[in-house]
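# A structural walkthrough
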Amino acid sequence: MTNRRVLLKRRPVGEPKPTDFEVVDAPVPTPQDGEILVRTIWLSLDPYMRGRMNDVKSYAPSVELGQPMVGGTVGEVVESRDAAFRPGEFVLTYGGWQAYHIARSAGARVGPFGPIKLDPRAAPISTALGVLGMPGMTAYVGLYDLGQPKPGETVVVSAAAGAVGSVVGQLAKIRGCRTVGITSSREKCEYVLKELDFDACVSYRVPDLAAVLRDACPNGVDVYFDNVGGDVLKAVLRVVNPFARIPLCGIISQYNAAEPPPGPNLGPVLVNRVTIRGFIVSDHVDRMPQFLADCGRWVREGRLKYREDVVEGLDRAPEAFIGLLRGRNVGKMLVQVGADPSRH
Ligand code: NDP
């Protein structure tokens with residue numbers, strides 16, 4: 001048995017390239033007392049990983065050169081030196097871009113990444129990385145706790161066909177709001193309109209996004225869940241209502257930027273008394289039980305739908321990650337690293 005791993009070889013300047021990564025085979029590690037050896041089945045690819053490739057101070061440490069890329073994983077326990085876990089059980093861990101890893105369980109969830117046991121009868125285990133995992137919880141706390149949408153209000157969300165955005169729009173509908181998505185392509189708009197039941201969807205690849213948004217939001221914008229920043233935020237700021245709320249979730253439009261772009265015009269924020277609130281999902285772990293209760297139920301009832309965009313094989317993780325930053329994914333981007341015995 002060897003442990004295939006994808007290491008960070010070089011710190012990218014601008015968009016990451018396949019040569020910034022290195023695929024190597026290493027020995028499979030041996031668990032010590034209190035540890036479990038996990039075979040990775042699903043690896044989550046997420047935009048925040050781009051920030052971890054840089055050598056700059058942030059809310060989480062960078063990946064060291066020569067070390068495996070970090071990431072949330074769902075896997076199967078192969079060997080356990082922890083009485084709380086048995087071989088064959090499924091777990092959510094933070095195993096990174098590798099086929100096997102050691103996790104120190106302690107039996108308790110330490111954040112949105114576990115470690116925690118998963119019950120394949122409750123939901124497909126891969127959902128612990130998407131709709132019922134960190135991205136779903138980001139949508140839940142960002143929209144409900146920070147956005148505070150009221151029935152009848154208009155909620156706009158960018159990267160609407162992605163892991164977080166697709167959940168935000170559906171949670172807004174569940175709350176009784178008018179829901180408008182912003183995304184890149186007609187195909188993605190069709191997905192959010194037809195499958196996810198958004199009320200409207202617009203592409204940001206238009207000469208005057210503010211004008212298009214004004215048509216799609218005849219009553220203005222009360223909550224803008226921002227996943228992208230940049231020009232899209234600038235356009236939405238021109239159509240916000242007084243006392244609008246903007247949960248600032250991500251600024252993916254500048255994750256590959258070598259230089260910080262010039263700042264937005266904040267005039268409308270002042271004039272409309274808008275609240276902009278940045279947040280990081282891991283500060284809201286206390287909301288996990290309520291998130292899982294609500295979203296777990298809505299998934300089972302079919303009110304909260306999700307799509308997974310799966311590539312096969314760890315070797316393809318770099319190319320899939322580069323594609324995620326270019327918007328090639330629809331729904332949650334996952335790598336299937338190994339066989340999933342829970343799916344028949
Ligand atoms: P997605 O599944 O939405 O994938 C990323 C999407 O971003 C792409 O599909 C693409 O969609 C869009 N995108 C890429 N480049 C641009 C660009 N230049 N301008 C506009 N849109 C772009 O990813 P996630 O749902 O996992 O994450 C969405 C956002 O939420 C990210 O910014 C991420 O960093 C953030 N996030 C924040 C968390 C927090 O705790 N604050 C936690 C989790 C995620 P399109 O085709 O529509 O352009």
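Residues numbered from 1 in each chain as written. Predicted model: local features only at pLDDT ≥ 70, side-chain atom pairs only at ≥ 80, totals over all residues. Heavy atoms only, no water.

As a structural note, the neighbourhood of the ligand is formed by 27 residues, with T183, S184, K188, Y204 and N329 the closest of them. Y255 has a polar side-chain atom sitting 2.7 Å from an oxygen atom of the ligand. One of the backbone N or O atoms of L325 is found 3.4 Å from a nitrogen atom in the ligand. About the coverage of the ligand: the protein hides 91% of its 910 Å² of free accessible area. Broken down by secondary-structure element, the contributors of at least two residues to the shell around the ligand are α2 (134-147), α3 (163-174) and α9 (317-325). In terms of residue class, the shell around the ligand is built from 16 nonpolar, 10 polar and one charged. Summarising the domain contributions, the shell around the ligand has at least three residues from each of domain 1 (2-130 + 307-343) and domain 2 (134-282). (Near = heavy atom within 4 Å. Polar contact = N/O pair within 3.5 Å; in protein donor to acceptor, adjacent residues only side chain to side chain. Areas by Shrake-Rupley, 256 points an atom, 1.4 Å probe, with all protein chains shown as cover. Helix = DSSP H or I, 4+ residues; strand = E, 2+ residues; numbered from the N terminus. Nonpolar A, V, L, I, M, F, W, Y, C, P; charged D, E, K, R; others polar. Domains from an automatic or database assignment.)

A few words now on the packing of α2 against helix α8 (residues 288-300). Their axes nearest at 10 Å, the elements α2 and α8 cross at an angle of 105°. In terms of orientation, α2 and α8 fall into the roughly perpendicular class. Of α8, the residues touching α2 (which contributes G136, M137, Y140 and Y144) are M288, Q290, F291, D294, C295 and W298. The class makeup of the residues in the contact of α2 with α8 is seven nonpolar, two polar and one charged. (Axes fitted to C-alpha atoms, helices over the stretch in contact; angles between N-to-C directions. Parallel < 35°, antiparallel > 145°, perpendicular 65-115°, else oblique. Contact = heavy atoms within 4.5 Å.)

Here we take up the domain arrangement of the protein. Along its sequence, the protein is carved into domain 1 (2-130 + 307-343) and domain 2 (134-282). Taking only C-alpha atoms, the centre of domain 1 and the centre of domain 2 are 28 Å apart. In this assembly, 21 residues from domain 1 lie in contact with 16 residues from domain 2. When the two sides are added together, the surface that domain 1 and domain 2 hide from each other amounts to roughly 1,500 Å², 61% of it contributed by carbon and sulfur. Across the domain 1-domain 2 interface, the total number found is one salt bridge. When its residues are assigned to classes, the side of domain 1 that touches domain 2 shows 11 nonpolar, five polar and five charged. (Buried area = accessible area lost by both parts, 1.4 Å probe. Salt bridge = Lys/Arg side-chain N within 4 Å of Asp/Glu carboxyl O.)

The subject of this paragraph is the pattern of salt bridges. Across all of its chains, the model carries 20 salt bridges by this definition. Between D46 and K332 there is a salt bridge whose closest N-O contact spans 3.2 Å. Within this pair, whereas D46 is found in the loop between β3 (35-44) and α1 (48-52), its partner K332 is found in strand β15 (residues 332-336), the two being separated by 286 residues in sequence. Take D46: its relative accessible area is 5%, and that puts it in the buried class. The partner of K194 in a salt bridge is E190, with the nearest N and O atoms 3.8 Å apart. (Buried < 20%, exposed > 50% of the residue type's maximum accessible area, 1.4 Å probe, protein only.)

A few words now on the side chain of D20. Counting through the fold element by element, D20 comes out in the loop between β1 (2-8) and β2 (21-27). There is a polar contact of 2.7 Å between the side chain of D20 and the backbone nitrogen of K17. Look past the residues within four positions of D20 in its chain and what remains in contact with it is L7, L8, K9, R10, P12 and E15.

Now for the packing of aromatic side chains. A full pass over the atoms with the stated rule returns five aromatic pairs. With a centroid separation of 5.5 Å and an interplanar angle of 10°, the aromatic rings of F21 and W97 are classed as stacked. With F21 in strand β2 and W97 in the loop between β5 (90-93) and β6 (100-104), this pair connects stretches of sequence that are 76 residues apart. Residues F21 and W97 agree in their burial class; the two are buried. Linked through ring pairs, F21, W97 and F321 together constitute an aromatic cluster. Its end group placed over the ring of F85, K117 keeps NZ or CZ at 5.2 Å from the ring centre. Over the aromatic face of Y144 sits the side chain of R175, whose NZ or CZ is 4.1 Å from the ring centroid. (Phe/Tyr/Trp six-rings, centres within 6.5 Å; stacked < 30°, edge-to-face > 60°. Lys NZ or Arg CZ within 6 Å of the ring centre and 35° of its normal.)

As a further point, take the sheet that holds strand β12 (residues 240-248). A sheet is described by the order of its strands in space; here six strands give the open sequence β10-β9-β8-β11-β12-β13, paired in parallel fashion. Edge positions in the open sheet fall to β10 (200-203) and β13 (275-278), since each of these has one partner strand only. Pairwise comparison of adjacent strand axes, ignoring direction, gives a mean angle of 15° for this sheet. Alignment of strand β8 (residues 154-158) against strand β9 (residues 178-183), held across five bridges, turns out to be parallel. By the bridge assignment, S158 is partnered in β9 with I182. On top of the sheet, α3 reaches β8, β9 and β11 (221-225); it is set at about 170° to β8, its chief contact. Across the sheet, helix α5 (residues 209-216) touches β9 and β10, and the angle it forms with β10 is around 170°. (Pairing = 2+ DSSP bridges.)

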